[in-house]
Amino acid sequence: MMRKLIAGNWKMNGSLAANQALLSGIHDGLSAALGGKHADVAVCVPVIYVSQVQQLVHNMGVALGVQDVSVHAQGAYTGETSAAMLKDFGVRYAIVGHSERRQYHGETDEQVALKAKSALSSGITPIVCVGETLAEREAGQTEHVVKRQLAAVIHTNGHCISEIVLAYEPVWAIGTGKTATPQEAQSVHAVLRAQLQAASEHAQRVKILYGGSMNAANASDLLAQADIDGGLIGGAALKPADFLTIIAAAAR
Ligand code: 13P
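Note that the coordinates shown come from a computational prediction; the quantities given were computed from them, not determined experimentally. (Residues numbered from 1 in each chain as written. Predicted model: local features only at pLDDT ≥ 70, side-chain atom pairs only at ≥ 80, totals over all residues. Heavy atoms only, no water.)

## Some details on the environment of Glu100
Line of reasoning, step 1. The topology assignment puts Glu100 in helix α4 (residues 99–104).
Line of reasoning, step 2. Relative accessible area serves as the criterion here: at 23%, Glu100 is assigned to the partly exposed category.
Line of reasoning, step 3. Placed 74 residues apart in sequence, Glu100 and Ile174 show a C-alpha to C-alpha distance of 9.5 Å.
Line of reasoning, step 4. Other than its neighbours up to four places away in sequence, Glu100 contacts Lys11, His105 and Ile174.
Line of reasoning, step 5. At 2.8 Å, the side chain of Glu100 and the side chain of Lys11 are in polar contact. (Helix = DSSP H or I, 4+ residues; strand = E, 2+ residues; numbered from the N terminus. Buried < 20%, exposed > 50% of the residue type's maximum accessible area, 1.4 Å probe, protein only. Contact = heavy atoms within 4.5 Å. Polar contact = N/O pair within 3.5 Å; in protein donor to acceptor, adjacent residues only side chain to side chain.)

Structure representation (structure tokens):
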């Protein structure tokens, strides 16, 4: 069975002191949470803290990730960070196309696809986020929206699509405490899996994470679904005990 991935998305939270406390809590509880079983664990941190967290997670069994990456390799792009720069600091994952970036920074499906490509070209695994808004769900558009978002990434990345991690994050579930039911999530994951399968013979190895108010109480039911291969965790990733409980639920 595929190893599950639990990735924390810290969003714009933290400080030198808070990061140290959070990671030391995770460090202290990680082997007990795994209980001799396995799960991949990552933290996607604000880019300014990449160097600090690189040191802190060294030898800890926690991979380093970020929350965005430039589509450009280098040059006059004020404020941006290239994939090669991130790679320099041991970054393993980059979230791309998070709904907060689509919403507040106007990122299009095409830009998200290019960000995934830019990450892959430097050996960083993009965690590509897709998901519908409440209005889109209520209009019966869920499948159409997530398929359109994923299609752009497949179109731009070709056979490399099997190297991504995909995250289904219904926008209405993010930070709201409203989680998709395990069945609602699974049915969208199955649609995404089928779309990946049509694009690549290696689709089975793509991890499809669920994100949106996943927490210590609901993680195990979500992670029990056939096509839910892990979680992308916001708020609950900022509390060591909650994050560790989710990791324990993912350990196989
Ligand atoms: P919450 O877990 O806080 O709902 O955030 C989910 C998310 O957006 C992870 O990327």
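There's more to say after this.
## Overview of the side chain of Thr142
Line of reasoning, step 1. Following the sequence through the fold, Thr142 ends up in helix α7 (residues 142–157).
Line of reasoning, step 2. Here Thr142 falls in the buried class, since its relative accessible area comes to 11%.
Line of reasoning, step 3. Setting aside residues no more than four positions away along its own chain, Thr142 makes contact with Glu132, Glu136, Arg137, Tyr168 and Val188.

## Focus: the site of the ligand
Line of reasoning, step 1. Contacts to the ligand come from Asn9, Lys11, His98, Glu169, Ala173, Ile174, Gly175, Gly212, Ser213, Leu232, Gly234 and Gly235.
Line of reasoning, step 2. In the model, an oxygen atom of the ligand is placed 2.8 Å from a nitrogen or oxygen of the Lys11 side chain.
Line of reasoning, step 3. Here an oxygen atom of the ligand and a side-chain polar atom of His98 are 2.8 Å apart.
Line of reasoning, step 4. For the ligand, the protein covers 93% of the area, taking 310 Å² as the surface of the free molecule. (Near = heavy atom within 4 Å. Areas by Shrake-Rupley, 256 points an atom, 1.4 Å probe, with all protein chains shown as cover.)

## Description of unusual backbone geometry
Line of reasoning, step 1. Phi at Lys11 takes a positive value of approximately 50°, unusual for a residue other than glycine.
Line of reasoning, step 2. Among the secondary structure elements, Lys11 is positioned in the loop between β1 (5–9) and α1 (16–34).
Line of reasoning, step 3. A positive phi is found at Ser213, a non-glycine position, where the angle reads about 60°.
Line of reasoning, step 4. Relative to the helices and strands, Ser213 is located in the loop between β7 (207–211) and α9 (219–223).

## Some points on the nonpolar core
The nonpolar side chains of a soluble globular protein tend to be buried, and buried together.
Line of reasoning, step 1. The biggest cluster of nonpolar side chains holds 68 residues, and the ones touching the most others in it are Val43, Val53, Leu166, Leu192, Tyr210, Phe243 and Ile247.
Line of reasoning, step 2. In this view, Ile247 contacts Ile6, Leu30, Ala33, Leu34 and Val41; residues no more than four positions away in its chain are not counted.
Line of reasoning, step 3. In this structure, Ala7, Ala63, Tyr93 and Val165 belong to the second largest nonpolar core, which totals 13 residues. (Core = buried A, V, L, I, M, F, W, Y, C linked by side-chain atoms within 4.5 Å.)

## A word on the environment of Pro46
Line of reasoning, step 1. Tracing the sequence through the fold places Pro46 in the loop between β2 (40–44) and α2 (50–57).
Line of reasoning, step 2. Sequence spacing of Pro46 and Trp10 is 36 residues, and the spatial spacing of their C-alpha atoms is 7.2 Å.
Line of reasoning, step 3. The contact partners of Pro46, leaving out residues within four places of it in the chain, are Trp10, Lys11, Asn13 and Gln67.

## Here's the deal with the packing of helix α5 (residues 109–121) against α7
Line of reasoning, step 1. For the pair α5 and α7, the least separation of the axes is 8 Å and the interaxial angle reads 45°. Viewed along their axes, α5 and α7 adopt a mutual orientation that is oblique. The interaxial crossing formed by α5 with α7 has right-handed handedness. Where α5 abuts α7, its residues Asp109, Ala113, Leu114, Ala116, Lys117 and Leu120 lie against Arg148, Gln149, Ala152, Val153, Thr156 and Asn157. (Axes fitted to C-alpha atoms, helices over the stretch in contact; angles between N-to-C directions. Parallel < 35°, antiparallel > 145°, perpendicular 65-115°, else oblique. Left-handed = near helix turned anticlockwise from the far one by under 90°.)

## What to know about the sheet that holds strand β4 (residues 93–96)
Line of reasoning, step 1. The strand order around the closed barrel built from eight strands is β1-β2-β3-β4-β5-β6-β7-β8, with neighbouring strands paired in parallel fashion. Strand-to-strand twist in this sheet, taken as the mean axis angle between neighbours without regard to direction, amounts to 25°.
Line of reasoning, step 2. Here β1 runs beside strand β8 (residues 230–233); their pairing, made up of four bridges, is parallel. Considered in β8, the bridge of Leu5 is made with Gly230.
Line of reasoning, step 3. The sheet contacts of α7 involve β5 (125–130) and β6 (165–168), and relative to β5 the element is tilted by about 155°. (Pairing = 2+ DSSP bridges.)

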